Amino acid sequence: MNDTTLPPGDRGLPLLGETLDFLKDQFHFVDARQARYGKVFRSNILFKDTALLVGAEGARVFNDESKVQRQGGMAPHIADFFGGTSLPLLDGAAHRQRKQQVMGAFGREALAQYLPVMESTVARYLARWSAAGESTLTGDLKDLALEVIARTMVGSDGGAEFAENVRDFKVMVKAFTALPIPVPGTAFAKAKAAQGRIFDRYRKVLAERQARPTGDGLSRMLAKPADDGARIAGEDALKELHHFNLAGYITFAHMAHGLVALAQDPALLARLRAEIDAQLGSKPLTVEALHAMPLLENVAKEMKRRAPFVAVSFGKAKSEFTVEGKTVPAGWMVMLCNYAGGNDPAIYAAPERFDPDRFAEGRAEDLKHPTGFFPQGVGEPLKGHKCAGFDFSTLLMKTFIVLLARDYETKLPAQDLSYQWEMIPPEYAGGLRAVLTKR
Ligand code: HEM
């Protein structure tokens, strides 16, 4: 291969490469290099040559299994935090088999059963904020996301065990941007201990569900045979559950972003309220009613595009491939830049604007390219790595937005609404203070 076709970029310091810059702020790490080098650039991160891909073409290649594999794509300590051999790290037949089993937790009937749980949980948090006068929402939104996952996936009652899990979970996520130093007292060592406690609690639930299945996500996953008839092993189900928590947690960032966007755009809020009044009125939510609201659908899409969530997904070049005129050698790490992709001006006009109508019929900016919209991967969940929780997360975001818009007025006191980009997902600097009053 000709050296000039390698992606441009900087390998950084000897040994450490650009690891520290990357860990400090993954979002600006990507933005700054994209501005300098274009949509495909190289780096050296966590001791590996790495190609970073921005944009729709990058998303297409990243999801071509002949070019990019998932096994070996994450630094071992990150893979471990994801539960070891869980879906994002599997390839080929092993991946398909596991995905068929896991999707047992996200079928149509399952989602319809989860919806009232989402509705009552969201309604309780909204009522609590409204009763409190002014509230600082970021921490509560994290608890809300985790509680919805816990109630639906393991039938939690939201009691003491749940609170312990949340405490441990928050210790764990802090270590995602820390160096992997397994010495007592480090963020990394604390995270490993917290993860062990989370798995121990899940093992108890697993034994109960194996003895007496319920309608929760864990029971559904255990009951679902893959096409070859195989059922998921208990320990593998625990790893997937653990990943559900990590993945579901990030919806806090989408709910926060949606709340701010609606509070700042009274005209959009009025249109949304009119749609909700016409489709639903004051009745309980149904999956059908939520699907029948096109503006709501576009608001949810725009929340997924615009809320900063994760900067990158991880893979490894299975074979040499060329993308945007640059050749990535086999064996290199490959990162797809999910957030930057949603802000690509080649696909999205004025990408910094919260503008749900960009997805409406006629404009449909996301359809300019077959893989132009990929906050949760591309394709179909059962055929590749597309997010297993795609519909689940849409349902939760829609539930949140409908109850908030229909039942409350939201005021944002003067505060710092800039993002703390060093966090994953980034959080509003001021913690997101809001005053909710019942309509
Ligand atoms: C809006 C919130 C969410 C976002 C932005 C998101 C994003 C993603 C992304 C970027 C991927 C990787 C896609 C790829 O590798 O091509 C993924 C995969 C996955 N997500 Fe989500 N996710 C969200 C919510 C959820 C929820 C709520 C769950 C489960 C309860 C979930 C479960 C999964 C699983 C199991 C995978 C692995 C799929 C596979 O590798 O086959 N996600 N998600």
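You'll find the structure just up there.
Figured I'd write up the structure that's included with this text. Fair warning: this is a prediction, and the values are worked out from it, not measured in the lab.

### Structural notes on the coordination of the iron atom of the ligand
Within the protein, just one atom coordinates the iron atom of the ligand: Cys387 (SG), at a distance of 2.3 Å. Assignment of secondary structure puts Cys387 in the loop between α16 (338-341) and α17 (390-407).

### A few points about the sheet that holds strand β5 (residues 313-317)
In any sheet, the strands associate via hydrogen bonds between backbone groups, in a parallel or an antiparallel arrangement. Strand order in the open sheet formed by 5 strands is β1-β2-β8-β5-β3, with mixed pairing between adjacent strands. Because the sheet does not close on itself, it has two edges, and the strands there are β1 (40-45) and β3 (68-69). Where strand β2 (residues 48-53) meets strand β8 (residues 333-336), 4 bridges bridge the pair, whose relative direction is parallel. Each residue of the ladder has a partner; that of Leu52, found in β8, is Met335. Sheet contacts for helix α2 (residues 26-37): β1 and β2; angle to β1, the most-contacted strand, approximately 135 degrees.

### What to know about the nonpolar core
Core analysis: the largest hydrophobic core is formed by 115 residues, its most contacted members being Leu141 and Phe400. Setting aside residues no more than four positions away along its own chain, Phe400 makes contact with Val122, Leu126, Trp129, Leu141, Leu144, Met255 and Leu259.

### Notes on the side chain of Arg306
Following the sequence through the fold, Arg306 ends up in helix α15 (residues 294-306). Despite its burial, Arg306 pairs with no opposite charge; the closest candidate is Glu302, at 6.3 Å N-O. Here the side chain of Arg306 touches Asn343 through a polar contact of 2.6 Å, side chain to side chain. Among all residues touching Arg306, those that are not within four sequence positions of it are His257, Tyr339, Asn343, Pro351, Glu352 and Phe354.

### A word on the environment of Phe374
Structurally, Phe374 can be placed in the loop between α16 and α17. Looking at Phe374, the relative accessible area reads 3%, which means it is buried. The spacing of Phe374 and Cys387 is 13 residues in sequence and 9.7 Å in space, taken between C-alpha atoms. When neighbours within four sequence positions are excluded, Phe374 is seen to be in contact with Gly55, Ala56, Ala59, Leu336, Cys337, Asn338 and Gly341.

Cut-offs applied
- Residues numbered from 1 in each chain as written.
- Predicted model: local features only at pLDDT ≥ 70, side-chain atom pairs only at ≥ 80, totals over all residues.
- Heavy atoms only, no water.
- Donors = N, O, S within 2.8 Å, 3.2 Å for Na, K, Ca; no water.
- Helix = DSSP H or I, 4+ residues; strand = E, 2+ residues; numbered from the N terminus.
- Pairing = 2+ DSSP bridges.
- Contact = heavy atoms within 4.5 Å.
- Axes fitted to C-alpha atoms, helices over the stretch in contact; angles between N-to-C directions.
- Core = buried A, V, L, I, M, F, W, Y, C linked by side-chain atoms within 4.5 Å.
- Buried < 20%, exposed > 50% of the residue type's maximum accessible area, 1.4 Å probe, protein only.
- Lys, Arg positive; Asp, Glu negative; His and termini not counted.
- Salt bridge = Lys/Arg side-chain N within 4 Å of Asp/Glu carboxyl O.
- Polar contact = N/O pair within 3.5 Å; in protein donor to acceptor, adjacent residues only side chain to side chain.

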